[in-house]
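Observations on the model geometry
Residues per chain, in single letters:
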Amino acid sequence: MRILAPAKFLYSFLIVLFALVSPYSFAESFMAKVVGVSDGDTVNVLTDKPCNSGKNCKSGKIQYRVRLAEIDTPEKKQPYGSRSKQALSDLVFGRLVKVDTVDTDRYGRLVANLYVDGKWVNAELVKSGSAWVYRQYAKSPVLFELEKDARNNKRGLWSLPEADRVPPWEWRKAKR
């Protein structure tokens with residue numbers, strides 16, 4: 001099939017335009033210090049980027065609330081909820097992390113992958129049995145393998161009785 005010159009130009013233009021407006025083209029990576037852990041999959045980070053004013057400003061620096069991508073951890077009132085929070089805290093609290101932004105959720109939180117000392121924090125939580133792979137949003141096959149291994153070896157939440165192992169998305173739905 002032969003494409004005419006103007007059509008070729010338009011086709012090329014559309015490809016470039018799509019790349020520019022793709023949600024992943026806005027992904028940002030930055031370094032920040034973890035200053036708070038809300039639960040097993042949400043942290044507050046403070047950047048070194050200067051900030052003059054605004055709702056994310058804190059002592060002249062930018063603060064973000066970050067939700068870890070592709071995973072979900074037990075809610076605070078669920079079995080293993082406090083241990084999941086502690087596992088995340090042990091990995092990142094007070095430490096400098098790399099934040100690889102994937103998206104922004106409906107609550108305005110950054111959805112991101114976190115890295116500390118070269119370790120992928122999201123994966124470390126799944127590997128230790130402190131988190132589920134969030135099936136609705138997961139893209140990485142590695143996470144599914146890590147969860148399978150944690151389940152087979154009864155690590156973390158997988159050591160709980162089966163009745164206590166309710167995925168957080170199902171637990172939240174039941175509480176509505």
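Since the model is a prediction, treat every value here as computed from it, not as a measurement.

A word on the pattern of salt bridges. Per the stated rule, a full pass over the model turns up eleven salt bridges. Across the pair Arg151 and Glu147 runs a salt bridge, and its minimum N-O distance is 3.3 Å. Residue Arg151 and its partner Glu147 are located together in helix α4 (residues 141-152), separated by four residues, close to a single helical turn. Taking relative accessible area as the criterion, Glu147 reaches 1% and is therefore assigned buried.

Looking now at the nonpolar core. Val43 and Val45 are the most contacted members of the largest nonpolar core, which totals 31 residues. Of all the elements in the fold, those that place two or more residues in this core are β1 (29-39), β2 (42-50), β4 (61-68), α2 (81-92), β6 (96-104), β7 (110-116), α3 (121-127) and α4. Among the nonpolar cores identified, the runner-up in size contains six residues, and Tyr80, Ala150, Leu157 and Trp158 belong to it.

Pairing of β1 with β2 involves six bridges; the strand directions are antiparallel. By the bridge assignment, Val34 is partnered in β2 with Val45. The hairpin formed by β1 and β2 contains two residues between the paired strands. Note that β2 and β4 share six bridges and pair antiparallel. In the sheet register, Leu46 faces β4, and the bridge partner there is Gln63.

Position of Asp41 relative to the elements: it lies in the loop between β1 and β2. Classification of Asp41 as buried rests on a relative accessible area of 4%.

Sheet topology places β4 next to β7; three bridges connect them, and they run parallel. Bridging from a neighbouring strand, Val66 pairs with Leu110 of β7.

In this section: the packing of aromatic side chains. Summed over all chains, the structure comprises five aromatic pairs. Plain terms: the ring middles of Phe30 and Tyr64 are 5.3 Å apart, the flat faces sit at 45° to each other, and that makes the pair tilted. Note that Phe30 is positioned in strand β1 and Tyr64 in strand β4, a separation of 34 residues in sequence. Taken as a pair, Phe30 and Tyr64 share a single burial class, namely buried. Pairing Tyr134 with Trp169 gives two aromatic rings, centres 5.4 Å apart and planes at 10°, and the pair type is stacked. Residue Tyr134 is found in the loop between β9 (132-133) and α4, and its partner Trp169 is found in helix α5 (residues 168-175); the two are separated by 35 residues along the sequence.

A few words on α2. Count 3.6 residues to each turn of an α-helix, and residues three or four apart come out pointing the same way. Here α2 spans 17 Å end to end across twelve residues, near enough to the 16 Å set by a 1.5 Å rise per residue. Among all positions of α2, only Gly81, Ser84, Ala87, Leu88 and Val92 are buried. Each buried residue of α2 lies within a common arc of 125° when the element is viewed along its axis, so the set occupies one face. For α2, the exposed residues set more than 90 degrees away from the buried face come down to Ser82 and Asp90. Against the buried residues of α2 lie β1, β2, β4, β6, β7 and α3. At the exit of α2 stands Gly94, carrying a positive phi of roughly 75°.

Rules used throughout
- Residues numbered from 1 in each chain as written.
- Predicted model: local features only at pLDDT ≥ 70, side-chain atom pairs only at ≥ 80, totals over all residues.
- Heavy atoms only, no water.
- Salt bridge = Lys/Arg side-chain N within 4 Å of Asp/Glu carboxyl O.
- Helix = DSSP H or I, 4+ residues; strand = E, 2+ residues; numbered from the N terminus.
- Buried < 20%, exposed > 50% of the residue type's maximum accessible area, 1.4 Å probe, protein only.
- Core = buried A, V, L, I, M, F, W, Y, C linked by side-chain atoms within 4.5 Å.
- Pairing = 2+ DSSP bridges.
- Phe/Tyr/Trp six-rings, centres within 6.5 Å; stacked < 30°, edge-to-face > 60°.
- Expected span 1.5 Å × (residues − 1).
- Arc of directions from axis to C-beta.
- Contact = heavy atoms within 4.5 Å.

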